[in-house]
Amino acid sequence: MELSSGAIRNHRPDVMEKAFAIAGYGHEVLEQKFGGMLNALRMGAPPHGGIAPGVDRIVMLLCNEPNIRAPSRASAARRNSSRPWPKRGR
């Protein structure tokens, strides 16, 4: 049962250059947009990674749902800047 997931970001300049080349970006564009990061990686910056809890998965288990889509319906109704909470006290 997976409750969270994590990853290590790409930290090898050679692999990054190949990936961007496959996506159609030339070396010049890569250096212009990501030169600072590439230089840091070339000089030995450590890998960067992270982990994130799967709140939807936890809710799925707590609700005894067979799949993650059922509890995710609630997250589809989340509020954001284009759909703010209604004014209170009016």
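Basis of the calculations
Residues take numbers from 1 onward in each chain, read along the sequence in its written order. Under the rules for a predicted model, residues below a pLDDT of 70 receive no local features and side-chain atom pairs below 80 are neither given nor counted, while totals for whole chains, interfaces and linings still include all residues. Remark: hydrogens and water are excluded; side-chain values derive from all non-hydrogen atoms of the structure. Helix and strand definitions here come from DSSP, where helices need a minimum of 4 consecutive H or I residues and strands a minimum of 2 consecutive E residues; each element is numbered from the N-terminal end. Relative accessible area decides the class of each residue, using a 1.4 Å probe on protein chains only: under 20% of the type maximum gives buried, over 50% gives exposed, and in between gives partly exposed. The contact rule is simple, with two residues in contact once any of their heavy atoms fall within 4.5 Å. Only the protein chains shown count as cover for residues, and all accessible areas are computed by the Shrake-Rupley method using a 1.4 Å probe. Each aromatic pair joins two rings of Phe, Tyr and Trp (for Trp, the six-membered one) with centres within 6.5 Å, and gets the label stacked for planes under 30 degrees apart, edge-to-face for over 60, and tilted for any other angle.

A. Up close: the overall build of the chain. Of regular secondary structure, the chain possesses four helices and two strands. Its helices and strands taken in sequence order, the chain reads β-α-α-β-α-α from the N to the C terminus. Taken over 90 residues, the chain has a buried fraction of 11%. Partitioning the intrachain contacts of the chain with sequence separation of at least 6 by distance along the chain shows that 56% fall at a separation of at least 24. Just so you have it, the chain exposes about 7,600 Å², and 56% of that area is on carbon and sulfur atoms.

B. Expanded view of the packing of aromatic side chains. Across all of its chains, the model carries two aromatic pairs by this definition. With centroids separated by 5.2 Å and ring planes inclined at 45°, the aromatic side chains of F20 and F34 adopt a geometry described as tilted. In this pair, F20 is assigned in helix α1 (residues 13–22) and F34 in helix α2 (residues 27–42), connecting sequence segments 14 residues apart. F20 gets classed as partly exposed once you look at its relative accessible area, which sits at 22%. We classify F34 as partly exposed; its relative accessible area is 29%. Clustering of aromatic rings is evident, with ring pairs tying together F20, Y25 and F34.

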